[in-house]
Amino acid sequence: MSDFRTNLSEIRRPGILMRAVRFALADYHRPTALKRFAPEENRPERIVSKLFETEARIEEIRQSGASTYSICDHIEVLAALVAECRLLQPRTAAG
């Protein structure tokens with residue numbers, strides 16, 4: 001399995017976008033987000049891979065300046081990506 005947390009930490013996006021993502025995480029609703037961004041996937045690793053692909057496509061649109069860019073979609077997919085990566089993170093015992 002890839003280290004999704006490392007891949008996520010390497011994403012460089014505008015600070016204001018990432019601040020919006022942190023706020024959006026509070027309202028993250030997994031069934032709705034996954035139905036929208038990864039409808040065919042049911043394995044956690046595949047879901048995260050699909051979210052990375054979707055985010056990369058949206059980022060390309062943002063950087064190109066195309067009128068089809070949706071900041072709402074970008075925030076939603078990044079929030080889903082962060083939340084899903086957190087779910088894949090193995091829990092470690094404190095101590």
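In what follows, the structure referred to is the one given above.
Rules used throughout
- Residues numbered from 1 in each chain as written.
- Predicted model: local features only at pLDDT ≥ 70, side-chain atom pairs only at ≥ 80, totals over all residues.
- Heavy atoms only, no water.
- Helix = DSSP H or I, 4+ residues; strand = E, 2+ residues; numbered from the N terminus.
- Buried < 20%, exposed > 50% of the residue type's maximum accessible area, 1.4 Å probe, protein only.
- Axes fitted to C-alpha atoms, helices over the stretch in contact; angles between N-to-C directions.
- Left-handed = near helix turned anticlockwise from the far one by under 90°.
- Contact = heavy atoms within 4.5 Å.
- Nonpolar A, V, L, I, M, F, W, Y, C, P; charged D, E, K, R; others polar.
- Expected span 1.5 Å × (residues − 1).

A count of helices and strands for the protein gives 5 helices and 0 strands. Each helix (α) and strand (β) of the protein, taken in turn from the N terminus, gives the series α-α-α-α-α. The buried share of the protein, reckoned over its 95 residues, is 32%.

At their nearest, the axes of helix H2 (residues 15-25) and helix H5 (residues 71-88) sit 9 Å apart, and the two run at 60° to each other. Note that H2 runs across H5; the crossing there is right-handed. From H2, Leu17, Met18, Ala20, Val21, Ala24 and Leu25 reach across to H5, where they touch Ile71, His74, Ile75, Leu78, Ala79, Val82, Ala83 and Arg86. Within the contact of H2 with H5, the residues separate by chemical class into 12 nonpolar, 1 polar and 1 charged.

This part takes up H5. Between its terminal C-alpha atoms H5 stretches 26 Å, which fits the 26 Å expected from 18 residues at 1.5 Å a residue. What H5 keeps buried is the set His74, Ile75, Val77, Leu78, Ala79, Ala80, Leu81, Val82, Ala83, Glu84, Cys85 and Leu88.

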